[in-house]
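Each chain is listed here by its residues.
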Amino acid sequence: MKYKIKEATGKLGILMPGLGAVATTLIAGVASVNKGLSLPIGSVSQMSRIRLGKRTEDRNPLIKDFVPLAGLQDIVFGGWDLYADNVFEAASKAKVLEAHQLEAVREDLEKIVPMKAVFNRDFVKNLDGDHVKTQTTHRELIEALRADIKTFKAENNLDRVVIVWCGSTEKYIDAEDIFTELPKLEQALDNNDDRIPPSMLYCYAAILEGVPYVNGAPNLTCDAPAIVELALENNVAIAGKDFKTGQTLMKTIVAPGLQARALGVEGWFSTNILGNRDGLVLDDPDNFKTKEVSKLSVLEEILDANKNPELYGDLYHKVRINYYPPHGDNKESWDNIDIFGWMGYKMQIKINFLCRDSILAAPVVLDLALFIDLAQRSEMYGVQEWLSFYLKSPQTAPGLPAEHDIFKQLMKLQNTLRHIKGEDLITHLGLDYYQELIESIQ
Ligand SMILES: NC(=O)c1ccc[n+]([C@@H]2O[C@H](COP(=O)([O-])OP(=O)(O)OC[C@H]3O[C@@H](n4cnc5c(N)ncnc54)[C@H](O)[C@@H]3O)[C@@H](O)[C@H]2O)c1
């Protein structure tokens, strides 16, 4: 079946609540690519190819040439933040990119000034900006955000808008009570219930504006059942949550390999140091808890103790993050993995990843924005599980366990693209090549 995909005509607006390290690195990178100064390295939508048909057909277009995606020249960026710095100033303070690279795109970045944020310190204790909206009720704040989206769209003459949350990680909350059903959430909004986080107000406003929403942080937002209901009622695509970048990316690359070879894993100790504003926010235990839950979930699914108790029944998994200012955005992670093999012999793997958080995250945000726009134009509404490739805690249908193995996630993403374009799905069975060979010599 081939989907009717609306063409990516006109301009696409990408709005980001949170114009910090990740968002500004993305914006500067796209400006730099558009000036011919850089390549969009790490962006699967821009750099990767997709195989179509049989291996022998040699059809391997770039993904951006296979499915209709917005072109990088047709993107207009905007966003909200509780600090009033324009994107050039914010990027300079984030210290991810070198000064000469920022200078080269200075004009493009200075033009982008954040809109006033919806912010509540109860959810992010370690930040204290004053560029915030003054409305006091949830309903008024939602209306103000809807007005921001409309104005951004009209002023920039945009065809479509998507939102990707690049704001700080909010404190941990359970998806219970008011978040379980839409009528309860509506009632709680009317009552100005203080359990509703700012991110959910952005998400609610986006959905009412018909704007697809991706959650790049681990806080509860579009994964709340009430919000899923709202998205389906309004025919809007949503995806979450938590960009999969440094250590978790490595985990979902290495763990499937160990599991594939039936090697046992007894312990996985992961520790990180980072010194950017994200690290400062995560230094608060309530905010760290949100991140910890997200980071812990990946191994449980890949190294499933229920399916293989002999191999993974005793797995001890620990994740730590420490705020360490001298490293800035250059996060360093260490993983110690205690594994065992034939006849129970123990072995160890050590991974020391000297990564750059925002350099890894920027292309993930770009791809998520372009693909959620594609989903919306393809009339694929509600949860977009095929984007789990980019996410630490992928959102799925109720009761459906998430798939964390990055290779299965990639296959899901590629097969989804083939499926919506009416191409054959690729199972990697490959027996047909041999059948053809047998037939040719008989
Ligand atoms: N960089 C990565 O590799 C990575 C990976 C996974 C998830 N994330 C998540 O992405 C988010 C952004 O990361 P970052 O490194 O850019 O952090 P950052 O601290 O540099 O930027 C976040 C920005 O969000 C703003 N903000 C906070 N609450 C807001 C609100 N309610 N409305 C508008 N703005 C708000 C902050 O002022 C800040 O400027 C964080 O939640 C982080 O946990 C990052």
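Residues numbered from 1 in each chain as written. Predicted model: local features only at pLDDT ≥ 70, side-chain atom pairs only at ≥ 80, totals over all residues.

## A word on the UniProt feature "transmembrane region" (unreviewed entry) in the protein chain
- UniProt tags residues 12–33 as "transmembrane region" (unreviewed entry).
- Annotated as residues 12–33, this span is 59% helix and 27% strand, and its ends, taken at the C-alpha atoms, are 17 Å apart. (UniProt positions renumbered as here; feature names shortened; annotations may be inferred. Helix = DSSP H or I, 4+ residues; strand = E, 2+ residues; numbered from the N terminus.)

## Section: the site of the ligand
- Near the ligand there are 36 residues, and of these Gly18, Gly20, Ala217, Thr245 and Arg277 occur at the shortest range.
- Listing elements by their share of the shell around the ligand, those giving two or more residues are α1 (21–34), β2 (75–81), α12 (277–282) and α15 (357–377).
- Per-element tally for the shell around the ligand: the top contributor is α15, with four residues.
- Each residue belonging to the shell around the ligand can be placed in one class, and the counts come to 20 nonpolar, eleven polar and five charged.
- Counting contributing residues, the shell around the ligand receives three or more from each of domain 1 (12–243 + 358–420) and domain 2 (246–354). (Near = placed C-beta within 6 Å. Nonpolar A, V, L, I, M, F, W, Y, C, P; charged D, E, K, R; others polar. Domains from an automatic or database assignment.)

## Section: the sheet that holds strand β1 (residues 12–17)
- Strand order in the open sheet formed by seven strands is β3-β2-β1-β4-β5-β6-β11, and the pairing between neighbours is parallel. Both edges of this open sheet fall to β3 (115–116) and β11 (382–383), since each of them pairs with a single strand only.
- As judged from the three bridges shared by strand β5 (residues 213–215) and strand β6 (residues 237–240), these two strands associate in the parallel manner. The residue bridging Tyr213 from the neighbouring strand is Ile238, located in β6.
- Helix-sheet contacts for helix α7 (residues 138–155) involve β1, β2, β3 and β4 (160–165), and the interaxial angle to β1 is about 145°. (Pairing = 2+ DSSP bridges. Contact = placed C-beta atoms within 7 Å. Axes fitted to C-alpha atoms, helices over the stretch in contact; angles between N-to-C directions.)

## Re the packing of α1 against helix α4 (residues 87–94)
- Where α1 meets α4, the closest approach of the two axes is 9 Å, and the angle between their N-to-C directions is 115°. Of the two possible hands of crossing, α1 and α4 adopt the one that is left-handed. Seen from α1, the contacting residues are Ala21, Thr24, Thr25, Ile27 and Ala28; seen from α4, they are Val87, Ala90, Ala91 and Ala94.
- In the contact of α1 with α4, the residues fall into seven nonpolar, two polar and no charged. (Left-handed = near helix turned anticlockwise from the far one by under 90°.)

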